[in-house]
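Chain and residue survey
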Amino acid sequence: MEEMESEIQQLNDSRLLEELQWERQKGELLRVLQENEGAGLLLQRAYGMMGNPLTLCDTSFSVMERYPVAEKEDFELYRGKLYMKTEAVAAMQREGVVAKLYQAEHAFLTHRREPDVVMMYCPVRIRHNMVGYLCSSALEHPFQEKDQELMEFLAGMVSLEMQKSSFFTERAGMKYEYFLADLVEGTMPDEAYIRTRFRQLGRQDREYFWVMVLAVEAQRQLPVNAGYFLEQMLALLPNTMAFLYQGMFVAVRSTAWCRPFTETEEIKLSEFLRMNHMRLTVSNGCRNLMWMPQYYRQAQELLQLALHREMDKGILLYEEYQVETMAETHLNDLACRAMVHPDLYVLKEYDQAHRTEYLDTLRIYLAQNRNAVKSAAQLHIHKSTFFYRLGKITEILGMEWETAGKLFSYELSFRLGREELSVGN
C-alpha cells in the first residue's frame, strides 16, 4: 500500500511539474508579446518548447516568419521575400489542407503525402477571419501530447501581435487579401508567378486586368461588415478579387475583352454603388501584370480627382479622365492655366464682350468628336446656326479646322483649364 501511495505521489508530482513548466512556457510567450519583440521571436521561443520547425504564412502563402531558417523544402525566394512553392500549394489544395484550414477552429494533424511527413496546422484569426496560419513538420521528432495546445496558444499570441498593425485588422476574411496587397505594392517576382497564384486562388487569368478603388461619399462610413459587402460586390462581378486596403475597398478583375464590365454589369454595379453611397474608379486595362502598382495608382489618383471636384458619377474610368487626373496629380493650378491655348482666352473675351457662346460651342464640338449633328442637338440649336457659329470661330481665331495639332491643343486645354474656361467665369 505504501509503495502504491508513493507511486501516486510521484505521478502527482510529475503532473504538477509538467503544469508548472507549461505555465512558465506560456508566460515566456506572453513576455515576448508584451515587450513587442515580434512574431519571429514568438516562433523561436515556441520552437524551443516543441522542437520542430515552425512557419507563419499569410493566406496567399507568402512566409511572414519561420524558425529555424534552415527549413527550405517547401519554400522559394523571390526578390528577398519567401513564398511557398507553387507545387507545394497545389499539393495542399489537392489533399484538402487549405479547405480544412479555413474551417478549423483548432490545430490539427495531417499526413502530407507530398512530402511524406506528418504536419500540424493551426489557423490564425482576427475577429473570426483567418489572416494566416501556423504550420510545423515532425522533421526532428514526433509531435507530443501538449504540442497542439501549444500551437493554439501560439496562434493566439501571433494574432495579438498582428493586431498591432492596421494592415491585419482591416482584413475581411478573403483568402486572397495578401496576394492582392503584394500585387498592388509590386512585390511579386514575375508575371508567370502572378498568373499561377491567380489561378490557384480560384480565378481565371484572362487577357486584361483592371484595378478598381471604391470609396464612400463624404460624411459616410465604410460598411461595418466588410466581408459581407465584398461578397455582394463579387456576386455582381465574376472573376474578381476584392479586399479592404488602406481604408478603401480595392478590387482586381480579369476580362477577356478590353472593357471592365458588360453593359448589364455596369447598370447593376451603378445601382449597387448608389444604394451604398459609394464611388468607384477604374484603371486602364492592364496586360503586363508587373505594372499593376501603376494601374492601382491610376485608380487612386482618379479617385482623388473625383473627390476634389465633387464628381457625382458612380463609376469613373481612367481612360475618360486621364488628362485631368495627370494634371490634378502633377501640376498646380497656375501650370494648368499657363498650358491653356491663348486662342481660347481670346474666344472667351469675345463671348464676354458680345454675349455670344462661341467658346462653349467649340468645347461641345470637340467633346462630340467633331460631329455637327450631335453638337447642334446638345446646344439646342439648328444645324445651320451651328455652322454659322463655326464660321465665326474660324474668323475670330484665324484658324483652319484641318489643323489637327491645334484642335488637339484646344481639346487638351479644355481638359486642363476646366475651371478657367467654364461658362460664367
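First, a word on what this report is: a plain description of the structure on this page. (Residues numbered from 1 in each chain as written. Predicted model: local features only at pLDDT ≥ 70, side-chain atom pairs only at ≥ 80, totals over all residues. Heavy atoms only, no water.)

1. Some details on helix 16 (residues 372-379)
- Those residues of helix 16 that fall on the buried side of the exposure criterion are Ala372, Ser375, Ala376 and Leu379. The arc enclosing the buried residues of helix 16, seen along the axis, measures out at 100°, which places them on a common side. When the buried face of helix 16 is taken as reference, the exposed residues oriented beyond 90 degrees from it are Val373 and Ala377.
- His380 lies just past helix 16 and shows a positive phi near 60°. (Buried < 20%, exposed > 50% of the residue type's maximum accessible area, 1.4 Å probe, protein only. Helix = DSSP H or I, 4+ residues; strand = E, 2+ residues; numbered from the N terminus. Arc of directions from axis to C-beta.)

2. Thoughts on the packing of helix 14 (residues 342-354) against helix 17 (residues 383-397)
- Where helix 14 meets helix 17, the closest approach of the two axes is 10 Å, and the angle between their N-to-C directions is 115°. Read as a crossing pair, helix 14 and helix 17 show a hand that is right-handed. Contacts between helix 14 and helix 17 involve Asp343, Val346, Leu347 and Tyr350 from the former and Lys392, Ile393, Ile396 and Leu397 from the latter.
- In terms of residue class, the contact of helix 14 with helix 17 is built from 6 nonpolar, no polar and 2 charged. (Axes fitted to C-alpha atoms, helices over the stretch in contact; angles between N-to-C directions. Left-handed = near helix turned anticlockwise from the far one by under 90°. Contact = heavy atoms within 4.5 Å. Nonpolar A, V, L, I, M, F, W, Y, C, P; charged D, E, K, R; others polar.)

3. Here we look at the state of the cysteines
- Counted by the stated rule, this structure contains 0 disulfides.
- Unpaired in terms of disulfides, Cys57 finds its nearest cysteine sulfur in Cys135, a separation of 5.2 Å. (Disulfide = S-S within 2.5 Å.)

4. With respect to the sheet that holds strand 7 (residues 129-137)
- Strand order in the open sheet made by the 5 strands is 2-1-7-6-5, with antiparallel pairing throughout. Two strands lie at the open edges of the sheet, namely strand 2 (63-67) and strand 5 (108-112), each paired on one side alone. Neighbour-to-neighbour, the strand axes of the sheet open up by a mean angle of 25°, direction not taken into account.
- When strand 5 meets strand 6 (residues 117-126), the two strands line up antiparallel, connected through 5 bridges. By the bridge assignment for strand 6, Arg112 is matched with Val117.
- Of the strands in this sheet, strand 1 (54-58), strand 2, strand 5, strand 6 and strand 7 touch helix 5 (residues 147-162), which is tilted by about 35° from strand 6. (Pairing = 2+ DSSP bridges.)

5. Quick word on the sheet that holds strand 8 (residues 208-216)
- Pairing is mixed across the open sheet formed by 5 strands, whose spatial order is 9-10-8-11-12. Strands at the two margins of the open sheet, each flanked by one partner only, are strand 9 (240-245) and strand 12 (315-317). Going from strand to strand, the sheet's axes swing by 20° on average, the running direction of each strand aside.
- Examined bridge by bridge, strand 8 and strand 10 (residues 248-255) share 7 bridges and lie antiparallel to one another. Bridge assignment links Met212 to a residue of strand 10, and that residue is Ala251.
- Helix 7 (residues 177-185) contacts strand 9 and strand 10 of the sheet and is inclined by roughly 80° relative to strand 9.

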